[in-house]
Amino acid sequence: MSSLTASFSGRFSSAAAYFPAGGLFSRRSCLVYPPFRCWRSRRLVCMAEPYLITKLESAEKTWQELSVKLADPDVTSNPSEYQKLAQSMAELNEVVSTYRSFKDCEKQLEETKALVKEAGNDEEMVEMINSEIESLTNQLKELEEGIKLLLLPADPLDARNIMLEVRAGTGGDEAGIWAGDLVRMYQRYSERNSWKFSPVSCSEAEHGGYKTFIMEIKGKRVYSKLKYESGVHRVQRVPRTEAQGRVHTSTATVAIMPEADEVDVEIDPKDIELTTARSGGAGGQNVNKVETAVDLFHKPTGIRIFCTEERTQLKNKSRALQLLRAKLYEMKVREQQEKLRTQRQMQDNRVSDHRLKMNFELTSFLDGDMETAVQSCVSMEQKELLEELAESVGSTAT
């Protein structure tokens, strides 16, 4: 036992004194493993994939270079440069920290394996060492999975706020009611996440619900969770408007538009046709007598936006342009979203997500209890990205 490393000497050097022959473990049935018999076949995936290790080493090197630059007096005297470098370093902190933990765990595992030979025929010691090997192997596997997720490319849009549009589809009056149910569902989910939502534009249906409803949702990483909701949502039920008890199928389309600014989308004023009108309805004499409503038409795409929610024409125009930018930006990223589009159907008091192949209870789901479905979508996307990463690793190796 003379060559035990420092990290394990305190744990094992006096093991014979604490566990004498016929002592604590004598009542158990112990299986003694020959040295490395159980561990030789184990393969550490990261060790077998030099491409991943290369990326991690590159990240660690960049992190070290940034830490040196941040200590440079020329950088510290330049607030904008310092902030830029500090942000870049912060983005690498978790990757570097996890990689270092992985290397430490890997080193401990190799040192623990070496202890098996020195334990000889000491059954108690061998059992302790094999237990430690099992624990370190599981820890190493968890760190490896964490590293792979950290290496996945982040969606640059995930941190953005969104414009959410619900539009009634096929199904007549019931489609409008169904669109209204979806609007309330997203409002409840926003409340559960402490997000703020506000209507931008809406057109009410004759028998309840909406023909179209657009709202802005602001909060922490809104797009990262709701981007999976884009697509057609179907419902099969006996609608309130059905007198003979027949089941109808109705649809509504949901569009998730990440917030866009003037840098993301440039709008030529010549492409816009803008008219004004009186809003009407509640809101006092101003909205009934003054033309505060804005009707905006974008000639190249045919997009028309009628905005009445604000109390002044200027604010409604700003809202309409904001929504137009979001719609145009959504068109740019639609190809990326295509694989995320939902295939969800509500029927028989349950929600069936055909994309996930999972069912959820309908009442609670429509009350905003969507987190399980959202996280399942996140896991599915991560799995697909990991498969793509594995393929890229294989192609790089060949």
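Residues numbered from 1 in each chain as written. Predicted model: local features only at pLDDT ≥ 70, side-chain atom pairs only at ≥ 80, totals over all residues. Heavy atoms only, no water.

Right, let's talk about the overall build of the protein for a bit. Along its length, the protein carries 12 helices and 11 strands. For the protein, the share of sequence-separated contacts (at least 6 apart) that also reach a separation of at least 24 residues comes to 65%. With the model as given, the accessible surface of the protein reaches about 22,300 Å², and the carbon-plus-sulfur share is 48%. (Helix = DSSP H or I, 4+ residues; strand = E, 2+ residues; numbered from the N terminus. Contact = heavy atoms within 4.5 Å. Areas by Shrake-Rupley, 256 points an atom, 1.4 Å probe, with all protein chains shown as cover.)

Within the element layout of this structure, D181 appears in helix α7 (residues 173-192). Judged by its relative accessible area of 14%, D181 is buried. Here R184 takes part through its side chain, which lies 2.7 Å from a polar atom of the side chain of D181. (Buried < 20%, exposed > 50% of the residue type's maximum accessible area, 1.4 Å probe, protein only. Polar contact = N/O pair within 3.5 Å; in protein donor to acceptor, adjacent residues only side chain to side chain.)

Let us look at the packing of helix α5 (residues 79-119) against helix α6 (residues 123-151). Two elements in contact, α5 and α6, have axes separated by 9 Å at closest approach and are oriented at 160°. As far as their axial angle goes, α6 and α5 are roughly antiparallel. Both α5 and α6 take part in a crossing whose hand is left-handed. Taken together, the residues that form the contact of α5 with α6 break down as 17 nonpolar, 6 polar and 5 charged. (Axes fitted to C-alpha atoms, helices over the stretch in contact; angles between N-to-C directions. Parallel < 35°, antiparallel > 145°, perpendicular 65-115°, else oblique. Left-handed = near helix turned anticlockwise from the far one by under 90°. Nonpolar A, V, L, I, M, F, W, Y, C, P; charged D, E, K, R; others polar.)

Let us look at the sheet that holds strand β8 (residues 303-307). Pairing is antiparallel across the open sheet formed by 3 strands, whose spatial order is β6-β7-β8. A single partner strand is all that each edge strand has here, and the edge strands are β6 (272-277) and β8. Ignoring which end each strand starts from, the neighbouring axes of this sheet average 15° apart. As judged from the 5 bridges shared by strand β7 (residues 293-298) and β8, these two strands associate in the antiparallel manner. From the neighbouring strand, H298 faces β8, where its bridge partner is I303. (Pairing = 2+ DSSP bridges.)

Quick look at the packing of aromatic side chains now. Applying the stated rule across the entire model yields 3 aromatic pairs. Judged by centre distance (5.6 Å) and plane angle (85°), the ring pair of Y189 and W195 falls under edge-to-face. Per residue, the accessibility class of Y189 equals that of W195, and both read buried. Both rings, one in F360 and one in F365, keep their centres 5.6 Å apart while their planes meet at 35°; by these two values the pair is tilted. One exposure class covers both F360 and F365, and it is buried. (Phe/Tyr/Trp six-rings, centres within 6.5 Å; stacked < 30°, edge-to-face > 60°.)

Moving on, we get to the pairing of strand β2 (residues 196-204). The side chains of a regular strand alternate between the sheet's two faces. One ladder, built from 8 bridges, connects β2 with strand β3 (residues 210-218); its direction is antiparallel. Note on β3: the bridge partner recorded for P199 is M215. Between β2 and β3, which pair antiparallel in sequence order, lie 5 residues; one of them, G208, sits at a positive phi of approximately 105°.

The next subject is α7. With 20 residues, α7 should cover 28 Å at 1.5 Å per step; its first-to-last C-alpha distance of 29 Å lies within 8% of that length. Of all 20 residues that make up α7, 15 are buried, and the element is covered over most of its length. Positive phi appears at S194, one or two residues downstream of α7, with a value of about 60°. (Expected span 1.5 Å × (residues − 1).)

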